[in-house]
Amino acid sequence: MLNSYILIIKTEGGEREIFVSPFSLHSKWRPDIKPGEIEILYFYGQMQDDEYKAMLEYEDLDEKFKSERYIMNCGQDFEKHYIGCLHVDFDKKLYWDWKGKLDNNMSEQDVKFLAETLFNPESSSRPVMLFTPTRASDINLDRM
């Protein structure tokens, strides 16, 4: 499980929910998890879109997990939700080196506002938990 949060930011295009993760969810490589400070944050948009909600209908999950508090990873393509990443220094409240999409959905001004929202303790956010439920069909009980 990954405890994280969704920031609610107001952009030129309107209000958006941005999922913030210390891990690259769309990477093909296993994350290099080391104790210490977070140096890069990854941002994803519209994680709970119509396709996601339709997928939840077919999953045999407890109803409490089909809420805004959780995001199920049941094989989603996180690449399509990826917005970009920033290097951050929370102690000095600095950000730099945006790598991601700059388009109609995310302008330079939106990136600046997103970064400033990260350091604002009054910013609007909500906790969210991302996890991959293990389906009964995924459990291999055969001996190796």
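Scroll up to find the structure.
The rules we used
- Residues numbered from 1 in each chain as written.
- Predicted model: local features only at pLDDT ≥ 70, side-chain atom pairs only at ≥ 80, totals over all residues.
- Heavy atoms only, no water.
- Helix = DSSP H or I, 4+ residues; strand = E, 2+ residues; numbered from the N terminus.
- Buried < 20%, exposed > 50% of the residue type's maximum accessible area, 1.4 Å probe, protein only.
- Contact = heavy atoms within 4.5 Å.
- Areas by Shrake-Rupley, 256 points an atom, 1.4 Å probe, with all protein chains shown as cover.
- Core = buried A, V, L, I, M, F, W, Y, C linked by side-chain atoms within 4.5 Å.
- Pairing = 2+ DSSP bridges.
- Phe/Tyr/Trp six-rings, centres within 6.5 Å; stacked < 30°, edge-to-face > 60°.

Novice: How should the overall build of the protein be read in this particular structure?
Specialist: Each helix and strand counted, the protein has 2 helices and 7 strands in total. For the protein, the N- to C-terminal ordering of α and β elements is β-β-β-α-β-β-β-α-β. The 144 residues of the protein split such that 40% are buried. Across the protein, the fraction of contacts at a sequence separation of at least 24, relative to all contacts at a separation of at least 6, is 58%. Accessible surface computed for the protein: about 10100 Å², of which carbon and sulfur atoms make up 49%.

Novice: Can you walk me through the nonpolar core in this structure?
Specialist: Within soluble globular proteins, side chains that are nonpolar generally end up buried alongside one another. Membership of the largest hydrophobic core comes to 21 residues, with the highest contact counts inside it found for Phe19, Leu25, Tyr44, Met47, Ile71 and Met72. Counting residues per element, the ones that place at least two in this core are strand E3 (40-45), helix H1 (50-58), strand E4 (70-72), strand E5 (82-89) and strand E7 (125-131). Looking at this core, the element that brings in the most residues is E7, giving 4 residues. Residue contacts for Met47: discarding those within four places in its chain leaves Phe19, Leu25, Tyr52, Ile71, Phe78 and His81. Counting 15 residues, the second largest nonpolar core, distinct from the first, contains Ile83, Val88, Val111 and Leu114.

Novice: What is the right way to look at the pairing of strand E6 (residues 94-100) in this model?
Specialist: When a strand is regular, its side chains alternate between the sheet's two faces. Judged from the 5 bridges that link them, E5 and E6 form a sheet pairing that is antiparallel. Each bridged residue has a counterpart across the sheet, and for Asp89 the counterpart in E6 is Leu94. The turn linking E5 back onto E6 is made up of 4 residues, and Lys93 within it adopts a positive phi angle of 55°.

Novice: Please clarify how the packing of aromatic side chains should be interpreted in this entry.
Specialist: Centre distance and the angle of the planes are the two values used to describe a pair of aromatic rings. The full count for this structure, using the stated rule, is 5 aromatic pairs. Residues Phe43 and Trp98 carry aromatic rings whose centres are separated by 6.2 Å and whose planes lie at 25° to one another, so their mutual orientation is stacked. Taken as a pair, Phe43 in strand E3 and Trp98 in strand E6 lie far apart in primary sequence, 55 residues in all. Accessibility assignment for this pair places Phe43 and Trp98 in one class, buried. A ring pair is formed by Tyr44 and Phe78, whose centres lie 6.3 Å apart and whose planes are at 75°; its orientation type is edge-to-face. Linking Tyr44 in strand E3 with Phe78 in the loop between E4 and E5, this pair joins segments that are 34 residues apart in sequence. Exposure class is identical for Tyr44 and Phe78. Each is buried. Aromatic rings pair up to connect Phe19, Tyr44, Phe78 and Tyr82 into one cluster.

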